[in-house]
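Breakdown of the fold
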Amino acid sequence: MRNELVQIWEDNLNKGKTTKKKWRDSFRVDDLDKYWEGVQQPNWWPDNNFIVINLIFANIKTQLDGFRSVTPKFHVRPARTFTPSLQTVQLLSQQSQLREAVLNYHVRESGFKREMQKVILDSFISFGVAKTFYNPYHRSNPNAGEPITGPDGSSVFDKNGYIEKEASTELYKENFLVQRRNPDDILFDPFADSIETIEWIAERIEMTVEEVKQNKLFKNTADIRAFEVRQEDKEQEQVRKIGDNIARPMTGGNSSLPGTVDRRREIVYVWEIYDLVDNRIICLAEGFDKELRNDSIPDGIEGHPYCFMWFIDRRNSPYPIPYIWHQLGPQDEYNITRNQIITHRKRFNRKYTVKEGDIDDTELSKLEEPYDGVIIKVKGDGKVIAAIEDPSLDQAVYFDTNMLRKDFMDVAGEVIPETDIAQIEKATVAQLVSNRQENRKRGVIGSVSDFLEQVARKLITLYENELTLPMLISIVGETGKEWINLNPQALQSGHGEFFYEVAADSLVPQTPEIERAAWVAFTQFAAMNPQIALSPVLLEKTGKMFGVEDKTLIAELQQAAMRIIEQQKLQGGQPGQPSMSGDMAKTLGM
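Remember, predicted model here, so these are calculated numbers, not experimental data.

Rules used in this analysis
- Residues numbered from 1 in each chain as written.
- Predicted model: local features only at pLDDT ≥ 70, side-chain atom pairs only at ≥ 80, totals over all residues.
- Heavy atoms only, no water.
- Salt bridge = Lys/Arg side-chain N within 4 Å of Asp/Glu carboxyl O.
- Helix = DSSP H or I, 4+ residues; strand = E, 2+ residues; numbered from the N terminus.
- Buried < 20%, exposed > 50% of the residue type's maximum accessible area, 1.4 Å probe, protein only.
- Expected span 1.5 Å × (residues − 1).
- Axes fitted to C-alpha atoms, helices over the stretch in contact; angles between N-to-C directions.
- Parallel < 35°, antiparallel > 145°, perpendicular 65-115°, else oblique.
- Left-handed = near helix turned anticlockwise from the far one by under 90°.
- Contact = heavy atoms within 4.5 Å.
- Nonpolar A, V, L, I, M, F, W, Y, C, P; charged D, E, K, R; others polar.

1. Digging into the pattern of salt bridges
Going through the model one piece at a time under the given rule, you end up with 19 salt bridges. Note that E115 and K118 form a salt bridge whose closest N and O atoms lie 3.1 Å from each other. In this pair, E115 and K118 are both assigned in helix α5 (residues 112-125), 3 residues apart and thus about one turn of the helix distant. Residue classification places E115 among the buried residues on the basis of a relative accessible area of 16%. Residue K118 is classed as partly exposed on the basis of its relative accessible area of 30%. Put simply, K131 and E203 hold a salt bridge, and the shortest N to O gap is 3.2 Å. In this pair, K131 sits in strand β2 (residues 128-140) while E203 sits in strand β5 (residues 200-208), placing the two residues 72 residues apart along the sequence.

2. Details of helix α4 (residues 86-109)
Taking 1.5 Å per residue as the helical rise, α4 with its 24 residues ought to reach 34 Å, and the 35 Å between its terminal C-alpha atoms agrees with that figure. A positive backbone phi angle near 70 degrees is found at G111, which sits one or two residues after α4.

3. Focus on the packing of helix α13 (residues 536-545) against helix α14 (residues 551-571)
In the contact formed by α13 and α14, the axes pass within 10 Å of each other and the chain directions differ by 125 degrees. Compared by their axis directions, α13 and α14 come out oblique. Where α13 crosses over α14, the handedness of that crossing is right-handed. The residues of α14 that touch α13, namely those facing P536, L539 and E540, are K551, I554 and Q558. Its residues assigned to classes, the contact of α13 with α14 shows 3 nonpolar, 1 polar and 2 charged.

Following this line, the structure appears as structure tokens:
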């Protein structure tokens, strides 16, 4: 018999499943996945020779390629302090620099970019989900049972006055991870009207019976059993991915089991629920009458460990409008029209009537070509060889293809707005199209930036609460790269809050030509306006506006600009007048 807690949460999960199914059906989420993969033939199309011109793929792939070539760069700065003193402000500034280094190290070293790209792809088709979590690694402690000694060599005592002894295992490695989660496995509170008002979030996790029983955080696992429906679900997923006519792998796709079809029944669905009202984490296994876990949400997790991304909000629902949903209609019409043209071309290739008996078959074969030149033998009077006149396809069909392409590009945000048509005489069509593309691109980049800022906050919270082993990381200071010691105490701050942001230019693909032009423009501006070097903050801000953020280069440029000012004073000139000293020329490499 199910206990009260299990009954309550099974009811919540069932309501959540119903709400999500309505959303998936309303926006044809399963079809969106197929359209991205190129499966777009209508069910009523008479044959399997349907040609797909996948405009949806081209539109998304172009944007994905742009993000593939960039590396996000985080900036952290103090937001406010709880102790209004100069010493606290200086401490927060140091800690903001350390947090910035941790985040940028994480982006470079932990495969974060690959996970980010997968989340962005999910966001175009459905919605994107990433989970932040801490993964410690333990091994046997060779000093197990021996007294723990302090820095001075004396024994360490616990609060009861007993000598503390080494544990049986020791921590030797720890990872702080951000990984993509399948949006199909995520449920939201069905009564919430936005992601900010949800009262619970649940994730379905696929585990083996052995994994459940061996998990030290779980209880009541002695009688755990597999969820019998799993095999049918997995087969349906395989049909969706690879079709009915292709041999299925024995492992069952992404199943964690390496075994046979029978072993697939050993899979258990575990729902990991984050109750945001009571601040608890609850784990249930489908088909099992006891909870596996019911604990307070651990330190290091603020509410829940998930970060979400999508591009189009819905009113009164935490589930979004999928980005490519509005592109299905134009995509269907474009494919159908193009295939009508192809079908007409196949049916109405050149055909001839030949008066039977007047020409031998050897000569007739000269009229035939592969896929063309069909011959029909006729009796009676008439021309020996006559071409059959076929009906032509309405020219409106060819016109429709251009119109439908325009409709698709309009929905995708890459067509010239009607209000800009009058400007064509003053600007090139390419420039107008580029402006429209930039507007859509800025919206997408803004959503990606918001997502990354969520990740930054949750990741730093994990570091603050879970970091145990000290580590060295590189940080860029006034003298270039420096190595600093990151220990558990370095990130713990109860004196204030921090603001996390992503450098906008770090999400825009850069070419050597663009970087060179930005650098030359910045150095020329600094040479013409050396007075900005009087303020390091102003110079750094100006550098960021030109996409130059290397603190070492900015410091060198500041010194060169200061020498220009001194030289102008000696020559009796006014600071800020056009000038190019030898120092500045040397700095610019001229």
